[in-house]
Amino acid sequence: MKSQDIRKAYLNFFESKGHLIVPSAPIVLKDDPTLMFNNSGMAQFKEYFLGNGTPKSPRIADTQKCLRVSGKHNDLEDVGFDTYHHTMFEMLGNWSFGDYFKKEALAWAWEFLTEVLKLDKDRLYVSVFEGNEAENVPFDQEAFDIWKQYVSEDRIILGNKKDNFWEMGDQGPCGPCSEIHIDLRTDAERNAVSGRDLVNADHPQVVEIWNNVFMEFNRKADGSLEKLPAQHVDTGMGFERLCMAMQNVTSNYDTDVFTPLIEKVEQITGLKYTPNNVILNDSEESKEQNKTNIAIRVIVDHVRAVAFAIADGQLPSNTGAGYVIRRILRRAIRYGFTFLNTKEPFIYKLVEVLANQMGEFFPEITSQQQLVANVIREEEASFLRTLEQGLQLLDKVVAETSGNEVSGAKVFELYDTFGFPKDLTALILKEKGFSYNESDFEIELQKQKARSRAASEVSTEDWSVLIPGNVDSSGSEQAKQTFVGYDQTENEVKITRIRKVDSKKDGILYQIVLDATPFYPEGGGQVGDKGTLVSANETIEIIDTKKENNLILHFAKQLPENVNANFVAKVNTDLRTSTSKNHSATHLMHLALRTILGTHVEQKGSLVNPNYLRFDFSHFSKVSDDELRQVEASVNAQIEAQLQLQEYRNIPIQEALDKGAMALFGEKYGDSVRMIEFGESKELCGGIHVKNTADIWHFKIISEGAVAAGIRRIEAITGDAVKEYYKNQEYILAEIKETLKNPQDILKSVASLQDDNAKLKKQIEQLLKEKVDSLKNALDNEMQEINGINFLAKQVDLSMSSTRDLAQAIGTSKPNSFVFLASVKDNAPNIHCYISKELVTEKGLNAGNVIRELGKYIDGNGGGQPFFASGKGKNVLGIKEALEKAVEFIK
């Protein structure tokens, strides 16, 4: 059974059981501050489990793209070395929100596996929670009794808290779970050792394929448990492992989820992958083959994670989620570089295969295919250059090492600063007869991890509920809160709940939830509102507003003395107005870019704050100055047209799309949406906008540049910021006029100045050439013959480039030359070494080594080719000793 058919069978089965089939949420979470990525099937439904929202159906099923490479769930370092861990994986899930519970969930799981898929019942084992006396959670007798209807008791395993009690985090909904495991070993292996004894023992062929989580409790900040008002079911089944079971193979990588990608890697590299059923021995040939297998598994796994993250809007970068994606891709590149001998970009070629495989269920990978390939190709090329740089730095480290053990701290510096992997460093050092101090490396690594943990550590107390919410038909309490900020910037409110949050980064803050708030929470690229909460006796400053699990959180540095008082919530309207101008201008610019550059332009990220707007978009080349002028003119024409805001609230998404609204890739939309329209500009958007484009006043682009391959970024300003911009430009122009003695024609005066400068530059170049020629003739006579070598070491009064030219001129004038020159420019020393090619060949002299060694005296470094190299430093006083030591290279 093919993987596509398995996926369809699952969704069709649960649709027949009354489940609404919903699409996968984006793999990148943009509006959840607690998670970088969707790391489980339940992540997109957190608000329903927490009682902060109502699902569109009490029964839902889906297949969710998940990524586990950071935080509590981190499988990255296992990927490639075994047959079943992955960075990105699919989680097939069926959900009940206060509807059915254990009886139906377990019955349907068994029915699907044994009757629809017809898996061998004799290979299946189930587990139930054994209970935990310390937490007052009893043995799951109900699940045990249900399973006895389907399997014999010897196939029911009692699991401890680690294996059979599932929690979404340190706090929040949780509950006992019942897993289904399958034994894929041969009959002979099964007869020798019972599969029961290998459940949850990390055996690669005895694996969990389905987890039925029964959400019954809420974990509080102090670790205690309380009963939830309603019972929910959260189930997940690893799609890749299910395919392994259905396709009668013993490795996820031998299923058709991965084999097309593996075949493409084989085609590109000329190397072969060994399936899991081929037994490798201890021979050197087998060891090399195993390294090849691991590298190919790493690459085909990682390209899936990276490709889907980019398709969902997360570009590789040096911070946050972007850094995680870059790290995954670089791990794949490094394995290809080291073990598959790939020195040119090639991983991007796998994107087409991936799109053909998964485009039917995940259309974003097809529509974004070209962009994804371009970004990966550029990242590959960049990191391969970094690897080359790392090799040079490693050579320098080796040259500076006494003995044959390199400092672990130095290896960590290469890893931390330049992204040079430690195992690649170890491999190269071994080839050179060196090793490194692994203990020192680990010490530095643990220090870094401790710093990182400390910087991001957050302690969150439980909510203190002041005003209870409403209870829905399922028995779940729904938090009481409405957003009135589209119509009001000031509103009478009551505080419904509060909690304290303590972090290393921000210190102690308080999160406040209001019953009806005018504050817009950060989202869709727009920053959160700021303002105040005012009562009869005090004013509390709101420093930020965010949304978490469908709750709007107002951040303050202190709580009101009386949290039960009546308050007036007041948004800072100056900041709100400036932000709304920039947000509306972003929409107008998006339309202008698509009109002028083409409809291939799509938003790939945005930031809207009171000071400026930033807009990332797909485009294959630099936007020319003329095109930027056209974009500016188009936006300003829409501003001058005084287009009235047309707002459609809570309309069906299909109706909005039929009206021409643009939906953005990587965004999560509900069945009902908000549509913003200014003339021809129509977008789905939840942000704050001006009532009329005339309110923007004016639009000015201040920069345009590249973010990644195929991604450009424009920054622009509106309103008062434009007035300030032109005021500054006017001031600068006045300064220029005064400097030029107030000419009548400024342009003509500047052009004349440039002409004069060009003439003087030519004269200086000629004088410098004459000076170099004169110095060359004088220094030729100062060369000494030492051991048959024409030697010169001298400090000269020239620029760095002229010193370099002089060294080459003197060196090429005589055979067997060794020339070492130094000079000082802007109080910084520079050194240059020329060695005749015959000396390089016959005596093994190397100018690069000379520069590295003598560079120590000027606190500098450098490099180059064996016959010519240059370097820079910081210590001018070290030049004298460097010149004296130069002669030692030829004695």
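A few points on the structure. Quick caveat, the model's predicted, so the values are computed rather than measured.

**Some details on the packing of aromatic side chains**
Here is step 1 of the chain: Applying the stated criterion to the full structure yields 31 aromatic pairs.
Here is step 2 of the chain: Arranged with centres 6.2 Å apart and planes meeting at 75°, the rings of F112 and W210 form a pair that is edge-to-face. Of this pair, F112 sits in helix 3 (residues 102–116) while W210 sits in strand 10 (residues 206–219), placing them 98 residues apart in sequence.
Here is step 3 of the chain: Overall, F112 belongs to the buried group, its relative accessible area being 0%.
Here is step 4 of the chain: Through a chain of ring-to-ring contacts, three or more aromatic side chains come together here, namely Y10, F13, F14, F112 and W210.
Here is step 5 of the chain: The ring of F361 carries R7 above its face, with NZ or CZ at 4.5 Å from the centroid.
Here is step 6 of the chain: Of note, K837 hangs over the ring of F867, and the distance from its end group to the ring centre comes to 4.7 Å.

**Remarks on empty space enclosed by the protein**
Here is step 1 of the chain: One pass over the full model with this rule turns up two cavities of 30 Å³ or more.
Here is step 2 of the chain: Reported here for the largest cavity is a volume of approximately 60 Å³.
Here is step 3 of the chain: Forming the boundary of the largest cavity are S3, Q4, R7, E90, F239, D256, V257, R304, Q357 and M358.
Here is step 4 of the chain: For the lining of the largest cavity, the secondary structure elements donating two or more residues are helix 1 (3–16) and helix 11 (350–358).

**Digging into the environment of V571**
Here is step 1 of the chain: Examined against the element boundaries, V571 turns out to sit in strand 27 (residues 567–571).
Here is step 2 of the chain: Taking the C-alpha atoms as reference points, V571 and F519, separated by 52 residues in sequence, lie 6.1 Å from one another.

**What about the packing of helix 1 against helix 7 (residues 239–246)?**
Here is step 1 of the chain: Viewed as axis vectors pointing N to C, helix 1 and helix 7 meet at an angle of 115°, and their least axial separation amounts to 10 Å. With respect to their mutual orientation, helix 1 and helix 7 come out roughly perpendicular. Both helix 1 and helix 7 take part in a crossing whose hand is right-handed. Where helix 1 abuts helix 7, its residues S3, I6 and R7 lie against F239, L242, C243 and M246.

**What about the packing of helix 8 (residues 259–269) against helix 9 (residues 284–311)?**
Here is step 1 of the chain: Following both chains from N to C, one finds helix 8 and helix 9 inclined at 120°, their axes separated by 10 Å at the closest point. In this view, helix 8 runs oblique relative to helix 9, as classed from their interaxial angle. Considering how the two elements wind past one another, helix 8 and helix 9 form a crossing that is right-handed. The segment helix 8 lies against helix 9, with L261, I262 and V265 engaging I296, I299, V300 and R304.

About the cut-offs
Residues numbered from 1 in each chain as written. Predicted model: local features only at pLDDT ≥ 70, side-chain atom pairs only at ≥ 80, totals over all residues. Heavy atoms only, no water. Phe/Tyr/Trp six-rings, centres within 6.5 Å; stacked < 30°, edge-to-face > 60°. Helix = DSSP H or I, 4+ residues; strand = E, 2+ residues; numbered from the N terminus. Buried < 20%, exposed > 50% of the residue type's maximum accessible area, 1.4 Å probe, protein only. Lys NZ or Arg CZ within 6 Å of the ring centre and 35° of its normal. 1 Å grid on protein atoms, 1.4 Å probe; cavity = no way out; pocket = protein on both sides within 12 Å on 5 of 7 lines; lining within 4 Å. Points joined across faces, edges and corners; volume = space filled by probe spheres on them. Axes fitted to C-alpha atoms, helices over the stretch in contact; angles between N-to-C directions. Parallel < 35°, antiparallel > 145°, perpendicular 65-115°, else oblique. Left-handed = near helix turned anticlockwise from the far one by under 90°. Contact = heavy atoms within 4.5 Å.

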